[in-house]
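Remarks on the overall topology
Spelled out, the chains give:
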Amino acid sequence: MSQGKTSGIEHLKTVILVVLFFTTILLLYLLWSQDAQSRIQLPDILTQRQSAEVPAAETMLLPDRAVYSMGDGSYRQTEEGTAELFEAGLGAMSSVLEETGAAASEITETQYMDAMEAYRSLTINFSYHIPFAELCSRRDIALPPGAEVIQSLTVLAFSEAAAQSIFIFDGRQGKYYRLYSQSETDVFAGMTSEQDMTALTTYYTVGNILGGENKQLVPLTAQSRLVPLSWRVESEETSQSVRQALAEALFGENFDFVRRITDNFGNVTYMYGYGQKTFTHQVDGVLEYKNETADETAGGFFRDLETALAFVAAHVTWNSLDGREIRFFLLEAETMAAGKQEGYRFRFGMKSAEHPVFYESGVPIEIVVLDGQISYYRRDVISVDADGAAGESRPAQDPANVIARNYNHIYNVMTGNLLSVNEESAFEYVAAAVREMRMGLVRISNDDWLQPAWILKTADGHVFYFSLYEAIPIGMSD
């Protein structure tokens, strides 16, 4: 074979190898691109679909309760329609502060309590503190002279004692304020004229019912239609696909470099790097995400709340995974600090078919936002069989009977003293310690049914659960 022919064959081989090489590269590129698109497509689509469903921060600000004083030592209390009532209250506050000569001044606790108790009044109560300046800025309400010292709004109140004024309790500072102007508009009448008091349960102070000085409110008697409801963790079949999408969305393009660890119990943890990001989905349905955040700038209450709401919506977890109706609301909000970082811890409660659901341990959703970034997220949402949720209305155990039957149990838990004590002293101790008592459905550990219960909170932070119709202890948390 001639030298020229041999050289031509070698040249042809080289060309073929180059073509094969580039063809291989092209095929690998197309394969990786298609795989990446198919892998990222689900969370991307879900993110876009959910982005329009991010709830407004204001819709999560659900007042804990509204209390009407009759001015004669009796009260009416409701937990329904409080969001609309708060919205009306903000409108009234805006109207007052728009008037000429609007101002704010601090008043004493005695002055405030006299206006709320000795006269007809309305208090709209939150279980957390809303930064006052942020709230006014968000609602385009100009701060009047003297209002710059108000740090938070915990209670928004109106009283017949000063019908043209608005009262604020700043729970962060433990101080009371009055907002007023030169207007003669009766804002108290405007806030209460449409409420039918006869439809609301009558409440009295604990002191009036049990003796002592405790001014917390409890009903004298109560009716309820609550019945036990079955519940379960969110559908495993549905949630697995969503959890996989959530894991990929959380780790983004770096998902290929995430370690997947499964323990002996079946809990699966995705970990990036040396624990900078971890995402765990447990066999009991709990989702937990942790993220090391960088030092940035704190966002404030509303911006941090919006960050939390957007994060949940973007990761396909605001609604029940099996389609059942759930309403979430802001249950707690507390300021957080980690080194130089600042932010908020938000805890969200839930209602199923408008029935509040309490957990003996934990809350449905918890999120920590530090310097405007998600630092921690935990989801423990359950699916409730709400069909036939309301039974026939029947008498519940009177709160006074619940306390009278269980004061020894409450006293022993609060004090850690299991020895016999003076019964009168123990009863007085418990009566003075009551901070809240309400009805609801409770998720008790190792019970597949939500139980109708009286929920009793004490001054030291303990929460006791008693069966609604029998007054038997069924759970406790602290």
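**Looking at the environment of L456**
Along the chain, the position of L456 falls in strand 24 (residues 449–458). Given a relative accessible area of 0%, L456 falls into the buried group. With near-sequence residues (within four places) excluded, L456 lies in contact with I403, I410, E436, M437, H462, V463, F464 and F466.

**Brief notes about helix 10 (residues 399–415)**
Because the α-helix completes a turn every 3.6 residues, residues three or four places apart line up on one side. The sharpest bend along helix 10 measures roughly 65° and falls at N406. Listing the buried residues of helix 10 in full gives P399, V402, I403, N406, Y407, I410, Y411 and M414. After helix 10 finishes, the residue G416 shows a positive phi value of roughly 70°.

**Looking at the sheet that holds strand 3 (residues 103–107)**
In space, the 9 strands of this open sheet follow the order 3-7-6-5-4-1-2-8-9, with antiparallel pairing throughout. The sheet terminates laterally at strand 3 and strand 9 (217–219), the two strands that pair on one side only. On average, adjacent strands in this sheet sit at an angle of 30° to one another, irrespective of strand direction. Pairing geometry for strand 5 (residues 152–159) and strand 6 (residues 166–170), over 3 bridges, is antiparallel. What sits directly across from L156, in strand 6, is I168.

**Some words on the pattern of salt bridges**
When the charged atoms of two side chains lie near each other, side chains of opposite charge can form a pair. This model, assessed by the stated rule, comprises 16 salt bridges. Between D380 and R443 there is a salt bridge whose closest N-O contact spans 3.0 Å. A residue pair is termed long-range when its members are at least 10 positions apart, and D380 in the loop between strand 20 (373–379) and strand 21 (382–384) and R443 in strand 23 (residues 434–443) qualify at 63 residues. R443 carries the same exposure label as D380, and that label is buried. Three or more residues are tied together by salt bridges with common partners; here these are D64, R65, E79, E436, R438 and K457.

**Description of the packing of aromatic side chains**
Inspection of every chain in the model, using the stated rule, returns 15 aromatic pairs. Geometrically, the ring pair formed by F301 and F346 is edge-to-face, given 6.0 Å between the ring centres and 75° between the ring planes. In this pair, F301 sits in helix 9 (residues 301–314) while F346 sits in strand 17 (residues 341–352), placing the two residues 45 residues apart along the sequence. Like F346, F301 is buried.

**Quick word on helix 9**
For helix 9, spanning 14 residues, the distance from its first C-alpha to its last is 20 Å, which sits close to the expected 20 Å at 1.5 Å a residue. With 10 of its 14 residues buried, helix 9 lies for the most part within the structure. The complete set of buried residues in helix 9 reads F301, F302, D304, L305, A308, L309, F311, V312, A313 and A314.

**Brief notes about the confidence of the model for the chain**
Predicted confidence across the chain gives a mean pLDDT of 86, with 83% of residues reaching 70 or more. A low-confidence stretch, residues 28–52 (pLDDT under 50), is modelled with 17 contacts involving residues beyond four sequence positions or located in other chains.

**Things to note about the pairing of strand 11 (residues 229–233)**
Two faces belong to every sheet, and in a regular strand the side chains alternate between them. Two strands pair when backbone bridges link them, and strand 11 and strand 24 are joined in this way by 2 bridges, in the antiparallel orientation. From the neighbouring strand, L229 faces strand 24, where its bridge partner is L450. Two strands pair when backbone bridges link them, and strand 11 and strand 21 are joined in this way by 3 bridges, in the antiparallel orientation. Along strand 21, the bridge assignment pairs R232 with S383.

**Quick word on unusual backbone geometry**
Its identity as a non-glycine residue notwithstanding, D140 has a phi of 55°, on the positive side. Within the element layout of this structure, D140 appears in the loop between helix 5 (132–138) and strand 5. Accessibility expressed as a relative area gives 71% for D140, which makes it exposed. Of note in this structure, A471 is not a glycine but carries a positive phi near 65°. For A471, the location among the structural elements is in the loop between strand 25 (463–467) and strand 26 (473–477). A relative accessible area of 4% places A471 in the buried class.

Definitions and limits used
- Residues numbered from 1 in each chain as written.
- Predicted model: local features only at pLDDT ≥ 70, side-chain atom pairs only at ≥ 80, totals over all residues.
- Heavy atoms only, no water.
- Helix = DSSP H or I, 4+ residues; strand = E, 2+ residues; numbered from the N terminus.
- Buried < 20%, exposed > 50% of the residue type's maximum accessible area, 1.4 Å probe, protein only.
- Contact = heavy atoms within 4.5 Å.
- Bend = angle between axes of the 7 residues up to and from the residue.
- Pairing = 2+ DSSP bridges.
- Axes fitted to C-alpha atoms, helices over the stretch in contact; angles between N-to-C directions.
- Salt bridge = Lys/Arg side-chain N within 4 Å of Asp/Glu carboxyl O.
- Phe/Tyr/Trp six-rings, centres within 6.5 Å; stacked < 30°, edge-to-face > 60°.
- Expected span 1.5 Å × (residues − 1).
- pLDDT = per-residue confidence, 0-100.

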